Amino acid sequence: MLYMQNSIGQLDISGQGDECESPTDLPTLSTVDGTIRASSSVSNSSPDDSTESPDWNDTEQFPPELNFHQPRMSFNFLVDTAMDTLPKVEELEEHDIQSIKSAEVGAQPDNLAGAPEMVPRKRGRPRKHPLPASGCQIKATKGRSKTGCITCRRRKKKCDETKPACLNCQKNAVVCEGYPPKEIWKSGRQKMADAARTQSLASVPRSLPVLIDGIETELDRRFLDHFVYGFSRVLTLINDDSNPFKEILLPMATQHRGLMHSLMCLSGSHLSGLDPDEKLKDRKYFHFHRAIQDLKDNIVQSSSTAAARGGLIDDEEQLLVEDPIIASTIALSLNTICEGETNGEYRPHMDAARYLLISQQPRNEKFRQFIVEFFQYHDVSNALTSLDRRPALLQEGMRLPAFMPLAPAGMFVGVFDGLFNYISQITQLRDRIRQRHDQGYEPAVDYQTLSESVQIDTAIRAWKASHEPDSANWCLAQLYRQSTWVYLYRTIRPSRPSDKIAMVVDDGLAYLDRLPQDASAYSIVLMPLFLLGCSSFLQEQRDRVRRGFESLKAYSNLRNIEPAFKVVAKVWETMDTNLEDSWDWERIIQGMKMDFLIT
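Every value quoted in this text rests on a predicted model; they were computed, and no experiment measured them.

## Looking at the overall build of the chain
Part 1: Tallying secondary structure elements over the chain gives 20 helices and 5 strands in all.
Part 2: The long-range share in the chain, meaning contacts at least 24 apart out of those at least 6 apart in sequence, stands at 72%.
Part 3: In the form shown here, the chain has an accessible surface area of approximately 35,000 Å², with 52% of it arising from carbon and sulfur atoms.

## Overview of the packing of helix H15 (residues 472-492) against helix H16 (residues 499-513)
Part 1: At a minimum axis distance of 8 Å, the contact between H15 and H16 shows a crossing angle of 155°. The angle between H15 and H16 places the two elements in the roughly antiparallel class. Crossing geometry of H15 relative to H16 is assigned as left-handed. Counted together, Trp 474, Cys 475, Gln 478, Leu 479, Gln 482, Trp 485, Val 486 and Tyr 489 of H15 and Lys 500, Ile 501, Val 504, Val 505, Asp 507, Gly 508, Tyr 511 and Leu 512 of H16 form the full contact between these two elements.
Part 2: Of the residues in the contact of H15 with H16, the class split is 11 nonpolar, 3 polar and 2 charged.

## Let's talk about the pattern of salt bridges
Part 1: Counting across every chain of the model gives 32 salt bridges.
Part 2: Residues Glu 365 and Arg 368 are paired through a salt bridge, measuring 3.3 Å at the closest nitrogen-oxygen approach. You can see Glu 365 and its partner Arg 368 sitting in helix H12 (residues 365-382), 3 residues apart, about one turn around the helix.
Part 3: Looking at Glu 365, the relative accessible area reads 41%, which means it is partly exposed.
Part 4: Looking at Arg 368, the relative accessible area reads 11%, which means it is buried.

## Focus on the environment of Ala 569
Part 1: Along the chain, Ala 569 turns up in helix H19 (residues 561-577).
Part 2: By relative accessible area, Ala 569 is classed as partly exposed at 30%.
Part 3: Between the C-alpha atom of Ala 569 and that of Arg 542, which follows or precedes it by 27 residues, the distance is 9.0 Å.

## A few points about the packing of aromatic side chains
Part 1: Going through the model one piece at a time under the given rule, you end up with 14 aromatic pairs.
Part 2: When the ring of Trp 485 is compared with that of Tyr 489, the centres are 5.4 Å apart and the planes differ by 25°; the resulting orientation is stacked. Taken together, the residues span about one helical turn, with Trp 485 and Tyr 489 both in helix H15 at a distance of 4 residues. Neither Trp 485 nor Tyr 489 differs from the other in exposure class; each is buried.
Part 3: Pairing Tyr 522 with Tyr 555 gives two aromatic rings, centres 5.8 Å apart and planes at 40°, and the pair type is tilted. Residue Tyr 522 is located in the loop between H16 and helix H17 (526-533), and its partner Tyr 555 is located in helix H18 (residues 539-556); the two are separated by 33 residues in the primary sequence.
Part 4: On the basis of relative accessibility, which here comes to 4%, the residue Tyr 522 falls in the buried class.
Part 5: Ring pairing ties together the aromatic residues Phe 227, Phe 231, Phe 245, Phe 370 and Phe 374, which thus form one cluster.
Part 6: Sitting above the plane of the Tyr 179 ring, Lys 163 keeps its charged end 4.7 Å from the centroid.
Part 7: Across the ring face of Tyr 285, the terminal group of Lys 284 is positioned such that the distance to the ring centre comes to 4.5 Å.

## Quick notes on the state of the cysteines
Part 1: Following the criterion strictly, the structure yields 0 disulfides and no others.
Part 2: With no disulfide partner, Cys 152 has as its closest neighbouring cysteine sulfur the one in Cys 149, 3.3 Å distant.

## A word on the nonpolar core
Part 1: Of all hydrophobic cores here, the largest spans 113 residues; its most connected members are Leu 263, Phe 367, Phe 370, Leu 476, Tyr 480, Val 525 and Phe 530.
Part 2: When residues of this core are assigned to their parent elements, the largest contribution, 11 residues, is made by H15.
Part 3: If sequence neighbours within four positions are ignored, Tyr 480 has contacts with Tyr 377, Val 413, Leu 419, Phe 420, Ile 524, Met 527 and Pro 528.
Part 4: Counting 7 residues, the second-largest nonpolar core is a separate cluster that includes Cys 149, Cys 159, Cys 169 and Tyr 179.

## Thoughts on unusual backbone geometry
Part 1: At the junction of Lys 163 and Pro 164, the peptide bond is cis and its omega measures out at 0° in the coordinates.
Part 2: Mapped onto the elements of the fold, Pro 164 is located in the loop between helix H2 (150-155) and helix H3 (167-171).
Part 3: Of note, the amide linkage connecting Glu 442 to Pro 443 takes the cis form, showing an omega dihedral of -5°.
Part 4: Checked against the element boundaries, Pro 443 lands in the loop between helix H13 (419-438) and helix H14 (447-462).
Part 5: Backbone geometry at Lys 156 places phi at a positive 60°, although glycine is not the residue there.

## As for the packing of helix H10 (residues 323-339) against helix H11 (residues 347-359)
Part 1: At a minimum axis distance of 8 Å, the contact between H10 and H11 shows a crossing angle of 150°. If you check the angle between H10 and H11, you find them roughly antiparallel. In this structure, the crossing between H10 and H11 has a hand that is left-handed. Each of Ile 325, Ile 326, Thr 329, Ile 330, Leu 332 and Ser 333 in H10 lies in contact with H11, whose residues at this interface are His 349, Met 350, Ala 352, Ala 353, Leu 356 and Leu 357.
Part 2: Counted by class, the contact of H10 with H11 contains 9 nonpolar, 3 polar and no charged residues.

## Describing helix H7 (residues 257-274)
Part 1: The end-to-end C-alpha distance of H7, which contains 18 residues, comes to 26 Å, matching closely the 26 Å that a straight helix rising 1.5 Å per residue would cover.
Part 2: Counted residue by residue, H7 has 15 buried out of 18 residues, so it is predominantly covered.

## Quick look at the confidence of the model for the chain
Part 1: Of all residues in the chain, 69% have pLDDT values of 70 or greater, and the mean over the chain is 77.
Part 2: Confidence over residues 312-320 falls short of pLDDT 50; this stretch has 9 contacts with residues more than four positions distant or in other chains.
Part 3: Taken together, the stretch residues 394-398 has pLDDT below 50 and engages in 14 contacts with residues farther than four places along the chain or on a different chain.

Definitions and limits used
- Residues numbered from 1 in each chain as written.
- Predicted model: local features only at pLDDT ≥ 70, side-chain atom pairs only at ≥ 80, totals over all residues.
- Heavy atoms only, no water.
- Helix = DSSP H or I, 4+ residues; strand = E, 2+ residues; numbered from the N terminus.
- Contact = heavy atoms within 4.5 Å.
- Areas by Shrake-Rupley, 256 points an atom, 1.4 Å probe, with all protein chains shown as cover.
- Axes fitted to C-alpha atoms, helices over the stretch in contact; angles between N-to-C directions.
- Parallel < 35°, antiparallel > 145°, perpendicular 65-115°, else oblique.
- Left-handed = near helix turned anticlockwise from the far one by under 90°.
- Nonpolar A, V, L, I, M, F, W, Y, C, P; charged D, E, K, R; others polar.
- Salt bridge = Lys/Arg side-chain N within 4 Å of Asp/Glu carboxyl O.
- Buried < 20%, exposed > 50% of the residue type's maximum accessible area, 1.4 Å probe, protein only.
- Phe/Tyr/Trp six-rings, centres within 6.5 Å; stacked < 30°, edge-to-face > 60°.
- Lys NZ or Arg CZ within 6 Å of the ring centre and 35° of its normal.
- Disulfide = S-S within 2.5 Å.
- Core = buried A, V, L, I, M, F, W, Y, C linked by side-chain atoms within 4.5 Å.
- Expected span 1.5 Å × (residues − 1).
- pLDDT = per-residue confidence, 0-100.

Below you can see the structure in the form of structure tokens.
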């Protein structure tokens with residue numbers, strides 16, 4: 001039912017009655033600007049004239065467009081003739097609008113031809129954005145795209161979204177930064193589940209523990225490789241898998257963190273001399289401090305154990321320390337050689353090793369054999385360049401292992417076969433001669449000193465190398481023999497050139513020249529080369545000694561070689577200016593304020 005009401009009149013459309021009460025008052029419908037307007041049509045005939053109501057089905061009086069079919073309806077209009085205002089059209093229901101549209105299909109009447117479609121105006125405030133006309137496709141409003149490249153979005157330009165780089169950036173000669181990663185929408189429950197999973201994973205260790213204490217970083221692994229394949233060969237005569245640093249010390253270090261730090265510090269010191277990278281130096285110092293701290297912790301632990309027991313500890317139990325502690329002190333002594341330190345930094349480490357070796361015997365016999373030989377070699381060599389460091393070789397308690405191996409099985413020349421005993425005896429003779437000279441006794445070389453010197457000379461002449469003749473180690477053994485005799489000659493004979501000393505120096509340099517450049521024998525050449533250098537009075541010999549130091553430096557890259565050659569050069573200078581004082585190179589070194597190992 002359609003109901004329209006305004007200030008003008010009332011239109012009542014109902015389904016009752018088949019005829020209009022006043023056919024003569026039937027309004028005329030017209031459309032103006034798409035709005036239905038109604039006007040009252042008054043007949044010229046008298047109101048009393050009775051006229052038969054027209055048949056609504058008569059097509060001659062009413063065109064088909066206005067044929068409303070069944071049911072027939074009557075229209076009652078109450079028109080306010082006092083006002084000429086059009087009525088307001090109420091909003092039609094959707095199904096009514098559709099019925100009106102269906103009724104209008106066909107030819108239009110003459111008076112409605114060309115008129116626009118009649119659409120009732122809605123009630124209330126008009127729409128800001130009118131509805132689209134019927135039959136038109138609705139175009140959805142497209143928002144700003146969020147799938148463009150990062151560059152176009154920052155420049156606020158339209159992106160063609162070409163992958164991997166958009167053409168818009170290429171056209172404008174800018175670098176396309178690509179596209180942001182796609183974000184997958186997640187509900188609140190999923191986000192909470194992800195957060196809980198992340199928190200649970202945070203409590204799980206992210207990395208595996210270190211396999212070996214002391215080997216923790218990539219630099220540590222580099223130190224380890226250098227120790228195994230490079231550095232260990234410059235410390236002993238043995239240059240294969242039986243090298244004691246690889247066969248004895250390294251397996252021991254895997255079970256002892258402090259010893260591993262000492263070996264890695266030693267390897268890092270040698271490697272930093274080849275590569276000046278600051279990272280190598282920093283990591284080397286890290287291992288050095290950790291090794292020192294480990295030694296301190298062992299001392300504190302031993303003291304705490306003694307205090308807990310009230311000091312009632314047997315001497316054997318009190319002095320008992322682990323073998324890796326002794327090895328660690330030796331390794332730290334060698335570190336001063338790699339660093340080229342000349343201020344006596346080796347002294348506390350050598351003293352600790354000396355004390356431990358004298359006070360107790362290492363538990364592992366194989367390690368004991370190696371460490372005693374190693375220490376004695378460096379201890380005796382240390383006496384050649386200092387005034388107060390004397391070897392413990394002849395002291396009570398400092399003895400060679402009970403099982404005396406063959407000389408070829410040793411890691412050094414002269415220790416197991418007795419040659420270092422003669423060097424130690426010559427050092428004692430020098431101390432006696434220096435003391436008599438300082439006290440003003442003449443002659444400084446008395447008859448007792450001469451008698452002992454003859455005995456040492458006889459022993460040196462009778463000494464035989466146990467290595468295979470003409471091998472590299474045999475040439476090295478002959479070099480040691482020549483340098484030991486030179487050491488004796490320079491101790492008891494006047495410091496001046498002679499044919500005897502020149503001949504022995506030439507023979508020693510000849511044995512040095514016979515050594516292959518890559519021979520493992522080069523690892524322990526410094527001490528005999530130093531003694532030959534301090535006895536070279538001729539310029540030709542000095543040139544050969546200089547080349548020997550250069551070859552040794554190229555092979556081992558140990559940084560104590562350079563200060564050793566400085567001392568030799570200073571002895572040469574003393575020979576040329578004050579010949580008599582050139583024999584006492586220990587005091588020359590002291591005057592240079594240097595203290596280092598020549599091993």
